[in-house]
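Below, each chain spelled out in residue letters.
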Amino acid sequence: MNYCSQCGNSIEIRIPEGDSRERHVCSSCGVIHYQNPNVVTGCIPEWEGKVLLCRRAIEPRKGYWTLPAGFLENGESTQQGALRETLEEANARVAVGPLYTLFSLPSISQVYMLFRGPLLDLDFSPGDESLEVRLFGEAEIPWEELAFQVMVETLKYYFMDQRSGVFRLRSGVIERLPGEQRRYRTTLHE
């Protein structure tokens, strides 16, 4: 951010009075421009023990599989966002159920909220952001082709809970470990 959205003057990075963090502050009018994590919301579309995944048609991770999810829009609830993203990415209709996973990803300033949701019908198809959509049972999941670690973790817990017959909310932090390989550490808050 270079310029103030209130008055158009330049921005400086400094710790405002009464704060403890560096912020983007207008050098003229003093408006503080807070930059906070983005909320990503989505759904685990369920049908007879299988889940609906989308193969991404966009970057990042184009060509990899994911659950339908995306950034929450202003003026919508997390459940409304999950419905919208599922419809946009998979042309699928779901009944959004309970929150299933809540993961913080501090390294990229995102918070993921994924809900369980049974498909209302099997009339689904790729949306503009998907190359293909398909139902997968646990043994069919392309684990090495999943786009994001948060999806790996969510699906791992989902199928574990499916086997036990008891689904419970998982909340935690996913941290990317140093190095060139895609390695992560997940810490659950239990």
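Below is a summary of the structure that appears in this document.

## Things to note about the environment of N2
Part 1: Within the secondary structure layout, N2 lies in the segment before strand 1 (11–14).
Part 2: Accessibility expressed as a relative area gives 55% for N2, which makes it exposed.
Part 3: Note: C-alpha distance between N2 and C26 (24 residues apart in sequence) is 9.2 Å.
Part 4: Not counting residues up to four positions away in its chain, the partners in contact with N2 are N9, S10 and I11.

## Considerations on unusual backbone geometry
What is expected of a backbone is that most residues other than glycine have negative phi and most peptide bonds are trans.
Part 1: Here the bond from E59 into P60 is cis, since omega is 0°, no more than 30 degrees from zero.
Part 2: Counting through the fold element by element, P60 comes out in the loop between strand 5 (50–56) and strand 6 (65–66).

## Some remarks on the environment of A92
Part 1: Here A92 shows up in the loop between helix 1 (78–90) and strand 8 (99–105).
Part 2: Those residues in contact with A92, other than ones at most four positions away along the chain, are L52, T86, L87, L119 and F124.

## A word on the sheet that holds strand 3 (residues 32–33)
Part 1: A sheet is described by the order of its strands in space; here 3 strands give the open sequence 1-2-3, paired in antiparallel fashion. Only two strands of the sheet have a single neighbouring strand rather than two, namely strand 1 and strand 3.
Part 2: Where strand 2 (residues 23–26) lies against strand 3, 2 bridges are found, and the strand directions are antiparallel. Note that in strand 3 the partner of H24 across the bridge is H33.

## Digging into the pattern of salt bridges
Part 1: Scanning all chains against the criterion turns up 15 salt bridges.
Part 2: The partner of R55 in a salt bridge is E145, with the nearest N and O atoms 3.6 Å apart. With R55 in strand 5 and E145 in the loop between strand 10 (130–136) and helix 2 (149–164), this pair connects stretches of sequence that are 90 residues apart.
Part 3: Among the charged side chains, a salt-bridge network with shared partners connects E76, R84, E85 and E88.

About the cut-offs
Residues numbered from 1 in each chain as written. Predicted model: local features only at pLDDT ≥ 70, side-chain atom pairs only at ≥ 80, totals over all residues. Heavy atoms only, no water. Helix = DSSP H or I, 4+ residues; strand = E, 2+ residues; numbered from the N terminus. Buried < 20%, exposed > 50% of the residue type's maximum accessible area, 1.4 Å probe, protein only. Contact = heavy atoms within 4.5 Å. Pairing = 2+ DSSP bridges. Salt bridge = Lys/Arg side-chain N within 4 Å of Asp/Glu carboxyl O.

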